[in-house]
Every structure is written in structure tokens, then in C-alpha cells.
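Per-entry structural report
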Amino acid sequence: MSSDESTPLDNLSHEERSFAPDPAFARDAVAQATLYAEADQDRLAFWARQARELLTWETDFTDTLDWSNPPFARWFGGGKLNAAYNALDRHVEAGNGDRVAIHFEGEPGDTRAYTYAQLTEEVKKAANAFAALGVTAGDRVAVYLPMIPEAVITMLACARIGAAHSVVFGGFSADALRSRIDDAEAKLVVTADGTWRRGKPSPLKPAVDAALADGQSTVENVVVVQRNGEPVEWTEGRDAWWSDTVGTASAEHTAEAFDAEQPLYILYTSGTTGKPKGILHTTGGYLTQTAFTHRNVFDLRPETDVYWCTADIGWVTGHSYVVYGPLVNGATQVIYEGTPDTPHQGRWWELVQKYGVTILYTAPTAIRTMMKWGDDIPGQYDLSSLRVLGSVGEPINPEAWMWYRRVIGADRCPVVDTWWQTETGAIMISPLPGVTATKPGSAQVPLPGITADVVDDTGASLGDGEAGYLVLREPWPSMLRNIWGDPDRFVQTYWSRFPGMYFAGDGAKKDDDGDVWLLGRVDDVMNVSGHRLSTAEIESSLVGHPAVAEAAVVGAADETTGQAVIAFVILRGSAAEEDHDAMSETLRQHVGKDIGAIAKPRKVLIVPELPKTRSGKIMRRLLKDVAEGREVGDATTLADSTVMNQIAADFAK
Ligand code: WTA
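Residues numbered from 1 in each chain as written. Predicted model: local features only at pLDDT ≥ 70, side-chain atom pairs only at ≥ 80, totals over all residues. Heavy atoms only, no water.

Under an unreviewed UniProt entry, the name given to the protein chain is Acetyl-coenzyme A synthetase, and the organism recorded is Tersicoccus phoenicis. Under the Sequence similarities (unreviewed entry) heading, UniProt states for the protein chain: "Belongs to the ATP-dependent AMP-binding enzyme family." Of the protein chain, the UniProt comment under Cofactor (unreviewed entry) reads exactly: "Mg(2+)". (UniProt positions renumbered as here; feature names shortened; annotations may be inferred.)

1. Considerations on the overall build of the protein chain
Per the secondary structure count, the protein chain includes 19 helices and 30 strands. Against the globule reference of 26 Å for 653 residues, the protein chain gives a C-alpha radius of gyration of 24 Å, in line with a compact fold. Pairs at least 24 apart in sequence give 71% of the contacts found in the protein chain among residues at least 6 apart. Accessible area for the protein chain stands at about 23600 Å²; split by element, carbon and sulfur atoms hold 49% of it. Side chains of the protein chain carry 58 positive and 90 negative charges; the gap between the two charge centres is 0 Å. (Helix = DSSP H or I, 4+ residues; strand = E, 2+ residues; numbered from the N terminus. Rg over C-alpha atoms; globule rule 2.2 N^0.38 Å. Contact = heavy atoms within 4.5 Å. Areas by Shrake-Rupley, 256 points an atom, 1.4 Å probe, with all protein chains shown as cover. Lys, Arg positive; Asp, Glu negative; His and termini not counted. Charge placed at Lys NZ, Arg CZ, Asp CG, Glu CD.)

2. As for the sheet that holds strand 16 (residues 306-309)
One key point about sheets: their strands pair by backbone hydrogen bonds, in either a parallel or an antiparallel sense. An order of 5-4-17-16-18-19-20 is seen for the seven strands of this open sheet, with the pairing classed as mixed. Each of the sheet's edge strands pairs with one partner strand only, and the pair in question is strand 5 (111-115) and strand 20 (415-418). Sheet twist, expressed as the mean angle between neighbouring strand axes with direction ignored, is 20°. Where strand 19 (residues 388-392) meets strand 20, four bridges bridge the pair, whose relative direction is parallel. Within strand 20, the position partnered with Leu389 by the bridge is Val415. (Pairing = 2+ DSSP bridges. Axes fitted to C-alpha atoms, helices over the stretch in contact; angles between N-to-C directions.)

3. Focus on helix 11 (residues 347-355)
Within the span of helix 11, buried status applies to Arg347, Trp348, Trp349, Leu351, Val352 and Tyr355. Just downstream of helix 11, Gly356 is the residue with a positive phi angle, here 65°. (Buried < 20%, exposed > 50% of the residue type's maximum accessible area, 1.4 Å probe, protein only.)

4. Digging into the pairing of strand 20
Here strand 20 shows a buried face lined by Val415 and Asp417 and a second buried face lined by Val416 and Thr418. Running through helix 14 (residues 398-408), the crossover from strand 19 to the neighbouring parallel element strand 20 is right-handed. (Right-handed = clockwise from strand over helix to strand, strands pointing away.)

5. A short note on a negative patch on the surface
A cluster of acidic residues, Glu577, Glu578, Asp579 and Asp581, forms a negative patch on the protein surface. Of note, Asp579 is situated in the loop between strand 29 (562-571) and helix 17 (580-594). (Patch = residues over 30% accessible without salt bridge, like charges linked within 9 Å, V, L, I, M, F, W, Y side chains within 5 Å. Salt bridge = Lys/Arg side-chain N within 4 Å of Asp/Glu carboxyl O.)

6. Considerations on the sheet that holds strand 24 (residues 502-510)
Within the open sheet, the four strands sit side by side as 21-22-24-25. Their pairing is antiparallel. The strands lining the two open edges of the sheet, one partner per strand, are strand 21 (452-455) and strand 25 (516-521). Direction aside, the axes of adjacent strands within the sheet are offset by 45° on average. Bridge count between strand 22 (residues 467-472) and strand 24: five bridges; the pairing is antiparallel. Bridged to Ala467 within strand 24 is Lys509.

7. Observations regarding the environment of Glu537
Tracing the backbone shows Glu537 in helix 16 (residues 535-543). Classification of Glu537 as buried rests on a relative accessible area of 9%.

8. Digging into the confidence of the model for the protein chain
Low-pLDDT portions of the prediction should not be read for the details of their coordinates. Confidence in the prediction for the protein chain averages 93 pLDDT; 97% of positions are at 70 or higher. Considering only residues more than four positions removed or in separate chains, one finds that residues 1-13, a stretch of pLDDT under 50, has 34 contacts. Reported confidences for the modelled complex are a pTM of 0.91 and an ipTM of 0.99. (pLDDT = per-residue confidence, 0-100.)

9. Describing the site of the ligand
Taken together, 17 residues lie around the ligand, and Asp417, Thr418, Thr422, Asp506 and Arg532 are the ones closest in. Between the ligand and Asp417 there is a distance of 2.7 Å, counted from a nitrogen atom to a side-chain nitrogen or oxygen. Here Thr422 contributes a side-chain N or O atom positioned 2.5 Å from an oxygen atom of the ligand. Secondary structure elements with two or more residues in the shell around the ligand: helix 10 (316-328), strand 20 and strand 25. (Near = heavy atom within 4 Å. Polar contact = N/O pair within 3.5 Å; in protein donor to acceptor, adjacent residues only side chain to side chain.)

As C-alpha cells, this is what we get:
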């Protein structure tokens, strides 16, 4: 819930448009349709079958789900497996070593292809190199890398030796990196000198140096990939080049099988308080559901498809649908390092044409950006290889959905809008392309084996047409197992709002057909270009600046990025006398440095007072009205009701 009061949920109009499943998918459709019935009849037997069919276990599991101590789940108890073996070696052993795993395209246009045999060899070398640096099973490794093959290799090498990776998005600041290193007590950091951004070198290593400057962290070594060739500072004894460590390591490595519940990774995500949460995922259940969803939601045919997910490995989509899902399924995929408009706005479509991409998975913010650039840009390329289009990260408005289908998919490719979260680990609600008649703007139906529901304030199921809160009623294989080091917060955050149910933090409604529509977050989490940011995190950064007395942050609707960060700030003492425009800019830069460029407010408005209730709570709802250019709502509970007039007038200036 938002801190002052719950946010009203919008009711969307009924969507009449519907697109029947494409007959081209008929081959799998019958089999897929039966999955719903199978899972309905016996959910655990269904997941057990998927786990056995999709993965190779060294020791079979004996207990599909242990839910004796909810909400702490244990899936596939007694089972042992190795994640990297499942993603790599077994494909080579099955005779598919020559299949391309990764077509890499750098922003400057350099390319590399890795077959499954080559990728397996690289991961074995990295596993040996990390082990030689003292990394053992159960340790944590921080990964601060751009979208280059070494990122995938690093993650799988960690998994291979039973160490958990903690990937930190390359756009995060040195401070954000350090707090994540400290929380996870990482022993090793893997980074690069830098990457390429819009044709220019963009550094990474300096942020690692700054994060570790005091010499007080748990980090013992830093392995550095040479990517953009820019000069970097060097700490002797701590830093080592990738080429000198991984490059010279032995390519012989036998993967050891670990318990199904062995931690696979920690990924930090924003919550309703200032401190990011370390979401913990484990091995057997996570791999089962990422492989299952990747295969069925995208109708994957590993022998012939060329799959491309545009997400960065810094986010969960990059974990589940660049690294684990596709590789466990033996798919061929494209990885692109750079921005979509470098060197020109047709770069993505040029890549689709060049590699013959058949399945594209991207975010609404990218789709809306491309819409703005115009139909003629994709129109210049041959996109006829495409057959399935996916969307993830935020609600997709029906117009963007229709554009995606019409302009990119030539009115021929099904669009699958997939709802899930860092916490759920894998897709939860989505159409199946061969089975579901798709509907623009709706994520539609829970996947087989998933029990999603829409409930009211009291946790009672709502009927069709009523808006409420999205919950999950039963545990699922790829669910988060904990918040790293903070089980109380895990219970409190996800399992206490509606007892016995997982509360996702999203508003939702079912339409008259029973299809689920996601209505956005109902808590203080914003979604900017598909990136989760918390209002509290940005507020605490702002009040950390000596000039700021108080701050309130809201997410305002934005045509392209979904939401934009808008901050309202009261200055402290003499700072209030300084030039407001200059001060706003200083504070924007401060947040950028503190958290990362993605968190920089679009606007920082200096205000004399914030709207507060008599009990002192900030009414963000009113600030959101101002930020979205609406008439300010009911302000009668404010201690001083004139405050909003002033803020609205200043905002409009
Ligand atoms: C939102 C990204 C509507 C939602 C995989 C969720 C969506 C948050 C969709 C998780 C979708 C994600 N339709 N909203 N298809 N997919 N969301 O953890 O608010 O970065 O709670 O995971 O994104 O964001 P996260």
C-alpha cells in the first residue's frame, strides 16, 4: 500500500479486439492446451514432470514441494543437479556442440559467435579461474559487466562451482555497487574496463575502484575484462585481467552436482523502503520454471529458432530469459551490447534481418520509443523471419501492443504480454501463442501450474470486472526463497498483507472473459522504462544532500518511459536563498551519482512546504495529480489546504 492511502485503481474500458491463435502453431497447440488440465488436476505432479523432462538431474528428487514451513518453500528435495551442466555440457554431449549459443554484436559492430561447445569451454575456464582465486561453493560473486558474452560466461561459471552471483546493473553508481557488495559479502568482483554507449566509451572499472577505495570491503579480487581498451587504474594484488586469469586457465572441469536448493543468485531490487532487497533464487525450481516458460510461452523450437531478448543481464529478465531459460533449452540467441539508436534508429531491425531473429522479447518502453521514431524505420528492413513477439516489464498500452503486432509482426505474429517479477523468477501470467486468442493490453491467463487471483482489501476473490490486488495463492517452483539475510522482511513484505497468499504489489482486474489486466503498482514502487525504482530510495538520497530538509518523490505517467521520477523538495536554511534552477540541477546530479543515472528525477521542484495530513504523512497522491497535470484531488485532510495551490502554481511555471 502507499504510505498515506491506497492508490485508486483505474478501470480500463473493455477491449473488443481479439486475435485467434495462428494455425502455424497448431503442432504444439494441442499438447500445450492439455497442460492446463494436467496442472489443474495435480499441480505438483505437473511440475515434477516438467522438472524431470526439462532438466538433467544427477540425483532424482524425492519430494516435489516441502511447504511445511511457509512461506519458506523447498522444491525438488533430495534432487541434485548442476545449473551450468544443464545449460551447456549436456547439449554438447547430445551432439549439439556445433549449434550457435550466442551471436554477439557489439555496439561498434564487432561480432563473435559462440557454439555450445565453445561456450562450455569458456565457462569451464572461468570456473577454474574463479576457483583458483579462492571462490568456493556458497560464496558470492558480484558481477558488474556490460552486455558482452563474458557476462553470461561469468554467471554460468559461478553456477558451475556453486557460488551465487549478484549481478549489479552497469548503470548503477559506485555507492549502489558497494552497498550490494556489502550486503552479499561478495568475495570477487568481475567487471570490465568499460563498454560502448552511443558510440563513445563508457567506463565501468572506475566505479568498482571507487566502491572499493577504502580497502574495507569483503572483496579480495577483481577480474577485469578488456572491452573498450580505455586506460584504467590498477590495484596490484587485487586486480587481474580476464585474459590473464580466465584466458590461461584449464578448459578441463567436471561440474559438481549441488542440492536443488543451492543458492543460484541474489538480485537486488527496489522495494517500498530505501534499502534494496536481495532477492534469493535457488537452482532446481528456478531452472524448471524458466525453461518451461521459455519453451512454451515463446513456442521455442531450439533447432531452428533465433531468439533475441533485449534485456540487460543487470535485470531479472536478463537472468531468466538471456542466460538460464534459453541456454537450458539449447536455444540460439542474439546478444547486443549497445543502444537501439546507435549508429542509427534502425539498428534493432537491422539485427533482426541480419541474424534472422524469429522470437523477439522486449519492453513496452522500447516499443513506444520505436513507435515515436516512425513506421518507416522498421519498414526498411526484412522482418519476415519473426514469428513470436513478447513484451515484459510494465503494462503495455493497447495502442503500443497493436503497433508491435502490426508494424513489427506484420499482423501475423502473436504478441505475448508476460507478467512476472524479480521475485517470481519466471513468467507467471501470459498467453500461449498457439492456444490463447490474444487481446491487446492484457497479460490474460495464469500459466499452467500457477494460481493467480485478484482479491479485494480483505483477501476475498473478486469477480470478473472488479479491480483489486494481484495475489498468488500457491507456491511455484521459481519463487524467491528469501530476502538475503533478512527473513523477517521477506515474510513482512510479501506474505503478511494477505495471510497465506503472496502479494505482488500490483493492482489488477479480470475482465468479462476472466482475462487478467495489470493496473500498475499499488505501492511506492515506480516503473521507469521497465526499471523498478522506489520512491523511498530516491527520497533518502535527496535528504542525504546537505541542502535538503525534506523530499517527496512520485512516479508521473510518461508517454515513453511509462513513469518518470518527479521530486518535490524543501530546502534547508540558507540553501533556500540560492538559485532554484541551479539547485534543482545539483540535486538531479546528486541522485544520479548516488543511485545511478536511471534514478535521476526528470524534474526537481523546490517547494516551501509539502502536503501533509494532520498526522504528518505526506499525501503523495496530490503531488502525483500535480505531476500528471490533473486537477488536484481531495485535499481536505491536509493540515494546511493552501499548500497545494502554491505547489500546483509553481509546477505549472
Ligand atoms: C511490472 C520484471 C504489467 C509489475 C520482469 C511488476 C508488468 C514489476 C508486466 C516487476 C506486464 C512486469 N504487465 N506489469 N507484462 N511485467 N510488470 O521485478 O508492476 O523488474 O510488479 O521484473 O513490473 O518488475 P521486475
